[in-house]
Amino acid sequence: MMKFLLPFFFALSFCLNAQHQAYLDIGNVRALVRSDGLLFQDTTKRANFEVPKGDSAHTISLSTLWMTSIHQRNGFPHYSFGYDAYGYGRFDVQDLFKTGPVDVVHQKRDTSKKFQRLWKINKTEIDRHIQNWSSQNYQADSSILNWPGNGNANTAKTLAPFEDLDGDSIYEPNSGEFPIIKGDQAIFLMINNFKNNSADTGYTYIRDPNQPWLVVDSFASETFGYTQTEIHYMIYAHNSSQTHIANTVFMNLKLFNRSNKGEDDLKDFKFSILTEFTYGNNGLHFIGTDTTKQLYFGYNSGLVSDSTGAPHTYRTQGMKLLSNSLTQTMQVPVDNITVPVFELPIRVANFQKNTWHNGRRLRSGGNGFNTYIDTSTTPIFMFPGDLAAPRDSSHWSELYPCYKDSSIKNTPGIRRIIGTPNVSSQFNHGSSLELNYAYVFAEDTGGVVASITTLQVAADSVQAFYHRERIVGISENKIESQLDFTIYPNPANESISIKTDLINFEVEIINLKG
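Residues numbered from 1 in each chain as written. Predicted model: local features only at pLDDT ≥ 70, side-chain atom pairs only at ≥ 80, totals over all residues. Heavy atoms only, no water.

**Some remarks on the overall build of the protein chain**
The helix and strand tally for the protein chain stands at 6 helices and 23 strands. Every one of the 514 residues in the protein chain was classed for burial, and the buried ones make up 54%. Intrachain contacts of the protein chain at a sequence separation of at least 6 include 66% that bridge at least 24 residues. Entry remark: accessible area of the protein chain is about 22,200 Å², with carbon and sulfur atoms responsible for 49%. (Helix = DSSP H or I, 4+ residues; strand = E, 2+ residues; numbered from the N terminus. Buried < 20%, exposed > 50% of the residue type's maximum accessible area, 1.4 Å probe, protein only. Contact = heavy atoms within 4.5 Å. Areas by Shrake-Rupley, 256 points an atom, 1.4 Å probe, with all protein chains shown as cover.)

Structure representation (structure tokens):
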């Protein structure tokens, strides 16, 4: 077997027992994952993202996805959408995502019991299978045998990734094939927001100018529908000796437009990740954005306590994009009773464009909405200021919301924020998108600024680790057993040749600078 310096991407592997929720609990994290795609929150709305593992305090109380698309259909603006809007008001359970894949034949949600679950697996289970599958008395783990590599007659043929040794696109674990995962432990799940009925119609109402509560006429002005997407999550973590890596939950997301109709091509498509930050039992939180790190984050506004009430530390939790740049961030109100954000898709779309629920544009200064704002500004990032930098108009932060008067403070509390990566704005039927990001954690006893500085260091470490893992790929035993080829010349200058009898494989060539 020949070893060489050509980087390849081959992901790792995994699987599980039938269940609707499971904890990712390797390394230094313990995070609850639900099969409906709502992350880090149980069915009673309690936070379940614990880092360091074993600490009673949680830093995230939920995370989910927002998708919108606005285009013309039949002469009307058409809003396609998909989002979860969990909150505390009358529109707090807009769970538009359902567990399972799409029935692509009949263009509806597939409700097969086989897929109404998630799958959890450890890398050690896969390595054991690779090494022992051909042994006479070997019994494969249920996580290997039940891996959803293939769909049924109505879904996509291939669902969860697996090593297809014979190239027939059929998952055959008893023939040595195995799940492909990332990390040392992973959870795989599938959700969709497919709806096979016709679009809903929105109306504009004309009111009596003297009696504005009285509607005198109406006309059709817009239509609404779902984005018709199927989403595959691979949520994973590493059992690493590096603290920053052990404290991180990684995400690999694949989106598929499963419609078979051109009218479901999504234009002006926007995809956002929503996170609600929390910590301990005091709710004293602020949020910020670091545009240089492709990161948004929540942090303590002061020294906080753990569940025992004892002084603890300054903690900061972030969501960092790994494969895409960050194009916008925006705070989202938590109380959906007083601020009804979610009942109309247009309002969700407006938040993705830095517009508040009442149509007012985000401004720098104060809370960005109605206190101490600079009306001459139109920022696209929420609180992007560097807390360690001089306090001027370019460094607007929640800790120092008014750069002209340091005595002015925002009121801390539970915070929600969305971040939008630079994915393609055109998401046509039959196409797919892929995204990688991570939930990064840091803590420091030196104060608020020190904890954010530590988070920035952690974010750099996680980015470098992700890049290194993406190049190196999976395990040595897989490489030795599967990559039977020669490469020449090696080393090479301008071109290389690869000779192999393999049928299905993927090559990624990267220079020394990455």
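**Considering the sheet that holds strand β2 (residues 30-34)**
Pairing is antiparallel in the open sheet, where 3 strands are placed in the order β1-β2-β3. A single partner strand is all that each edge strand has here, and the edge strands are β1 (21-24) and β3 (49-50). Inspection of the sheet shows β2 paired to β3 by 2 bridges, in the antiparallel sense. Counted as the bridge partner of A31 is F49 from β3. (Pairing = 2+ DSSP bridges.)

**Concerning the pairing of strand β10 (residues 185-192)**
Most of β10 sits out of view: 8 of its 8 residues are buried. Pairing of strand β6 (residues 98-99) with β10, which is carried by 2 bridges, proceeds in the antiparallel orientation. Counterpart to K98 in the pairing with β10 is N192. The pairing of β10 with strand β13 (residues 229-237) spans 8 bridges and is classified as antiparallel. Bridged to N192 within β13 is E230.

**Focus: the environment of I408**
Take I408: it is sitting in the loop between α4 (345-351) and β20 (415-421). As a C-alpha pair, I408 and Y372 span 36 residues in sequence and 8.8 Å in three-dimensional space. If sequence neighbours within four positions are ignored, I408 has contacts with Y372, P401 and C402.

**Describing the nonpolar core**
Among the nonpolar cores identified, the biggest contains 60 residues, and Y233, V249, F271, I273, Y437 and Y439 are the most heavily contacted of them. Excluding anything up to four places from it in sequence, Y437 contacts L65, Y233, V249, F250, M251, L253, I273, M319, K320, L321 and L322. Formed by 43 residues, the second largest nonpolar core is a distinct cluster that contains L295, A458, A459 and Y466. (Core = buried A, V, L, I, M, F, W, Y, C linked by side-chain atoms within 4.5 Å.)

**Description of helix α1 (residues 123-132)**
All of the buried residues along α1 are K123, I126, D127, H129 and I130. Buried residues of α1, viewed axially, fall in a sector of 160°; they line one side. α1 presents T124 and Q131 as exposed residues on the side facing more than 90 degrees away from its buried surface. (Arc of directions from axis to C-beta.)

**Some thoughts on empty space enclosed by the protein**
In total, this model carries 1 cavity of 30 Å³ or more according to the counting rule given. In this structure, the largest cavity encloses a volume near 70 Å³. Elements with a contribution of two residues or more to the lining of the largest cavity: β17 (295-300) and β18 (314-321). Of the residues belonging to the lining of the largest cavity, the class tally is 3 nonpolar, 7 polar and 1 charged. (1 Å grid on protein atoms, 1.4 Å probe; cavity = no way out; pocket = protein on both sides within 12 Å on 5 of 7 lines; lining within 4 Å. Points joined across faces, edges and corners; volume = space filled by probe spheres on them. Nonpolar A, V, L, I, M, F, W, Y, C, P; charged D, E, K, R; others polar.)

**Side note on the pattern of salt bridges**
Scanning the model with the defined rule gives 12 salt bridges in all. Between R258 and E230 there is a salt bridge, with the nearest N and O atoms lying 2.9 Å from each other. With R258 in the loop between β14 (249-257) and β15 (270-277) and E230 in strand β13, the pair connects residues that are 28 residues apart, well separated along the chain. The class of R258 is buried, set by a relative accessible area of 15%. (Salt bridge = Lys/Arg side-chain N within 4 Å of Asp/Glu carboxyl O.)

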